[in-house]
Amino acid sequence: MVKQTIQIFARVKPTKKSPSVYSVDEDERAGSSLEFLVPRDLADGFVNNKKENYRFRFQKVFDQTAKQEEIFEHIAKPVADSVLAGYNGTIFAYGQTGSGKTFTITGGAERYSDRGIIPRTLSYLYQHFNQDSGKIYTTQISYLEIYNEVGYDLLDPRHEAPRLEDLPKVSIMEDNDQNIHLRNLSLQQSASEEEALNLLFLGDTNRIIAETPMNQASTRSHCIFTIHVCSREPGSATLRRSKLHLVDLAGSERVAKSGMEGQLLTEAKYINLSLHYLEQVIIALSEKNRSHIPYRNSMMTSVLRDSLGGNCMTTMIATLSVEKRNVDESIATCRFAQRVALIKNEAQLNEELDPALMINRLKKEVQSLRDELAILIGEQREDQLTEDDIHKLEEQVKAFLDDPDPEVTLQLGPNMRKIHHCFSLLKVMVQDMLPSGGGAGDCCSPSPSVVPDHDISPPSAELKKLKDMLRQRDNEISILVSMLKKEKKKVQEYMTQLAQLSNGHLQSKSSVQSSSAVLTEESGGKGESSSPYGLRRQGPALSMGRQEAFDIFRRDHEDNVTIDDNKALLKQRFAEAKALGEQVNGARNRINELKKQLEQRRMQRAAHAVIGVPVAQEEPDPVEERLCGQIEEEKKSYKNTFGRLKGLRTEIEHLQLLLDRAKVKLQRDFSEWWDQEEAQLQELRSEGGATGRSAGRSSQQPTAPRPTSSLLCPGFEQRCPWTSSKDKSCELRPLRSGL
C-alpha cells in the first residue's frame, strides 16, 4: 500500500503580451511557488483592505515556454509507470474555459509535437509492452462523456451515430461493496498503438464543442478516457489489473462576464453545477472529522470516487490564464488546487488470482488423482486397444513432443495398456532419430577416435602421430560446422527483420496514398466519407452549385492551412522514410558481402591447415579482425537507421490520422452550414411568395413573378452562383456562425 497526497502541478497558458501580474519561484527541495500581484483599484476608495499578494505552492510550475514533452516527462510518465506496476492512476486538468486543459490532455491537431498526454501515454505504454517479454499484457479502452449530467459512450461500436443523443446513454450501478459499475459503457480491445489512437480520434470527433465568447472551440462536457491494463507472467495464475483515468474537465465560466444565452447558458449551468459538486467533495475530504462524502451528488464525482481519496495515485494539473481579465479565476483555481493537495489516497497493488486458470488447474489435479487411485486399486480396463485408440495416442504423443511448454503432460488415464503403447511409440521415435546402423546402445559406445588403449595393440610412434592429427582435424571440422550454423542463423534473422521492414514501408506508402486520395476526393466534391474509423456516411455526389460552394467553403475554412501543411509534412516524412529504407537495404547488403568474405577467409585458413601448410593458430588473422570490425560497424549503423525508421513510421501514421480527422471536421462543418443556408433561403422564398400574392389582391394589375436568379442567398453579400446560371464570377462571402 502506498499512501500519498494528490500531486498538484500548474501550467501557465502562453499570451501575446507579457503580463506582470505573476512570478514563478523555482525551488528544487520544496517545489515551485506561484505568486500573483494584484494592485488595488483606486475606484474602491481610500479604505481598501483588499489583498494584493497571493502566493501558492505546487510540485512544479510550468511557465509559458513549457513544451508538451516536458509536461509528459514530469507529470504523466510517473503515473504511467505506477499503472504498469499494478496501481490505479488518474490525471485530471482543472481550470477556467480557454486556459488550455484540452490542449494539455489531448493535444493540438496541427503539429506532431503538439501531442498531448493521452497520445504520448499510449505510445509509452505500448512501447513498454513490446520491450517487456516476461509478461503478457492486454489492454482495453473506454471513453465516457458527461454532457448536462448525462453520460454517453463515445466509442459506440456502431460508429454511425450522427448526433450525440443517438449514442448509448451510460448509467451508474453500485454493488453491495459500494463499487461503481457503468452500464452501457463499452470496453474496446486494443492490441496496438494504432488501434488505440483510432479509438481516441473517434471519441474526440463525437465530442460536443461550441464557440463561446471566451473560447472559439470550447468543450461543453467532461470527458474521461480510461486505459485498462491487465498483466500476468506466463504460467502464473496471478493477475495484475490497473486502470488509468485521463480526465478533461469542462471549464468553469462566469455567465455575467461571457454574456451567454440559450443552449450555451444551459450547458454553462450544468458545467458550473458539476464543478461545484466536485469542490464540495474536495472540501469534505480535506476535513478530518467529516463522516459523509457527497460522491453521489453528480455523475462525475461518482465515477471518480477511487481517484478522490480512494485506491488511486492521482495527479492534478491546474491550467492558468494570466491575462488581467482572468486573474480572479486563476487565483480561484490555485485555491482549489491547494485544497486538493490536502487529500490523501491509499493506492493498493491490484493483484488477484485468475479464476478460470485456477479452475482448470484444479480440474487437472482432480483427474490426475483419480487416475492414480484407479491404478492403485487395480481397476479393470479393456483387453485390447482399438485402431481409433492407437491413432489418438499417436496424435497425443506428437502434440506432447511439439509443445514447448515444459509443464504439459500426457492425459492417458489409469490405463496401463495406453501407457505401455506410448512408451513404445517414444522408443520408435528415438531410434528413428539416431544415425543409421546404430541402436539405442550405440549412443553410449566410444567413437573410433577415442578407443581405449587396452582394446588394441600398443601403437607405434607414427600411428600415434596420425591419430593425433586425425583428432585435431576432427576438432577443426566441428568448429567450422558450428561457425557456419551460427552465421546461417544470423543471416536468417536479418532476412526476417528486412521482410518486416519492407512490409512497414508498403503499409506507410499505402497509408500516404490513401490520404492523398481522400483529400483529392474531398476537393473534387465526393460526398462519401473515407475515414478509417467509419464515422459517418454521406449522400450522393454534390451538385454543381453545391460543389462550387464547397470549394469556396474549403478555401476559406480555418483548417485548410493545417490540411495543406500536414500534407506537405506527410510527403516530406515519406521521402525521409524512403531514404532510410534505402540506407537499411544498403547496410544489409554490405553486411552480407562482408560475411561472405569472412566465411571465405576462414575456409581458406581451415583448408591450409588440412593440407599441411603451416598456419599460426595462436596469432589472430588481421584480415579476419578487420572484416569483423567492419561487420560490427555496419550492424550498429543498421540498428540506428532501423530505429529512426520505426519512429518515422509512427509519425507518418499519426499525421495520417490528423488528416482524416480534419477532413471529417471540414465535411461536418460544411453540411451544417449548407443546411442552415438552405433553410434560410426557403424561408426567404416563402416570404417573397406571400408578399407577391398580397400585392396582387390589392392592385388588380398582374405583375411578372420575380426570377429565381435574382434571389439573394442569406448569408452572402452577392448573388449565389447556384441560383443564377449566367453569373458565375461572384465571390461567396459566408457569414460564419458558431457551431
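Before reading further, recall that the structure is shown in the block above.
Presented here is an overview of the structure given in this document.

What counts and what doesn't
- Residues numbered from 1 in each chain as written.
- Predicted model: local features only at pLDDT ≥ 70, side-chain atom pairs only at ≥ 80, totals over all residues.
- Heavy atoms only, no water.
- Helix = DSSP H or I, 4+ residues; strand = E, 2+ residues; numbered from the N terminus.
- Buried < 20%, exposed > 50% of the residue type's maximum accessible area, 1.4 Å probe, protein only.
- Contact = heavy atoms within 4.5 Å.
- Core = buried A, V, L, I, M, F, W, Y, C linked by side-chain atoms within 4.5 Å.
- Patch = residues over 30% accessible without salt bridge, like charges linked within 9 Å, V, L, I, M, F, W, Y side chains within 5 Å.
- Areas by Shrake-Rupley, 256 points an atom, 1.4 Å probe, with all protein chains shown as cover.
- Salt bridge = Lys/Arg side-chain N within 4 Å of Asp/Glu carboxyl O.
- Pairing = 2+ DSSP bridges.
- Axes fitted to C-alpha atoms, helices over the stretch in contact; angles between N-to-C directions.
- Parallel < 35°, antiparallel > 145°, perpendicular 65-115°, else oblique.
- Left-handed = near helix turned anticlockwise from the far one by under 90°.

The subject of this paragraph is the overall build of the protein. Helix and strand counts for the protein stand at 15 helices and 19 strands. A burial count over the protein gives 39% of its 739 residues as buried. Partitioning the contacts of the protein with sequence separation of at least 6, the portion at a separation of at least 24 is 71%.

Looking at soluble globular proteins, one finds that nonpolar side chains tend to be buried together. Counting 61 residues, the largest nonpolar core has Ile91, Ile117, Leu122, Phe225, Ile227 and Leu246 as its most contacted members. Sorting elements by how many residues they give to this core places helix 15 (residues 622-698) first, with twelve residues. Beyond its immediate stretch of four places on either side in the chain, Phe225 contacts Ile118, Leu122, Ile141, Ser142, Tyr143, Leu200, Leu244, His245 and Leu246. Membership of the second largest hydrophobic core comes to 47 residues, among which are Leu34, Tyr54, Met316 and Ala337.

Here we come to a nonpolar patch on the surface. There is a patch of nonpolar side chains on the surface, built from Leu373, Leu376 and Ile377 and spanning about 370 Å² of accessible area. Relative to the assigned elements, Leu376 resides in helix 9 (residues 355-376).

Here we come to the side chain of Thr333. Mapped onto the fold, Thr333 is located in helix 8 (residues 327-340). The contacts of Thr333, once residues within four sequence positions are left out, are Tyr94, Gly95, Gln96, Ala318, Thr319 and Leu320.

With that settled, consider the pairing of strand 7 (residues 89-94). With six of its six residues buried, strand 7 lies for the most part within the structure. Neither face of strand 7 is left uncovered, since the one carrying Gly89, Ile91 and Ala93 and the one carrying Thr90, Phe92 and Tyr94 both have all their residues buried. With five bridges connecting them, strand 7 and strand 16 (residues 238-248) associate as parallel partners. Residue pairing for strand 16: Ala93 is matched across the bridge by Asp248. Sheet topology places strand 7 next to strand 17 (residues 313-320); six bridges connect them, and they run parallel. If you follow Phe92 over to strand 17, its bridge partner there is Met316.

Next up on the list: the sheet that holds strand 3 (residues 22-27). On the basis of which strands lie adjacent, the open sheet formed by three strands has the order 3-4-5 and antiparallel pairing. Only two strands of the sheet have a single partner each, and these edge strands are strand 3 and strand 5 (53-58). Each adjacent strand pair in this sheet contributes to an overall mean axis angle of 20 degrees, direction not counted. Both strand 4 (residues 31-37) and strand 5 contribute to a ladder of six bridges, which runs antiparallel. Looking across to strand 5, one finds that Leu34 is bridged to Phe56. Set on the sheet, helix 8 makes contact with strand 4 and strand 5; between it and strand 5 the angle comes to about 45 degrees.

Moving on to the packing of helix 1 (residues 68-84) against helix 3 (residues 117-131). Look at helix 1 against helix 3: their axes get within 10 Å of each other, and the N-to-C directions meet at 50 degrees. When the interaxial angle is binned, helix 1 and helix 3 end up oblique. Considering the relative orientation of helix 1 and helix 3, their crossing is right-handed. Across from Gln68, Glu69, Ile71, Phe72, Ala76, Lys77, Ala80, Asp81 and Leu84 in helix 1, the residues of helix 3 making contact are Ile117, Arg120, Thr121, Tyr124, Leu125, His128 and Phe129.

Tallied over the full model, the rule gives 20 salt bridges. A salt bridge links Asp25 to Arg55; its shortest N-O distance comes to 3.3 Å. Taken together, the residues span a long stretch of sequence, with Asp25 in strand 3 and Arg55 in strand 5 at a distance of 30 residues. Take Arg55: its relative accessible area is 45%, and that puts it in the partly exposed class. Here Arg111 ties to Asp114 by a salt bridge, and the two come within 3.2 Å at their closest N and O atoms. The network of salt bridges with common partners includes Asp25, Glu35 and Arg55.

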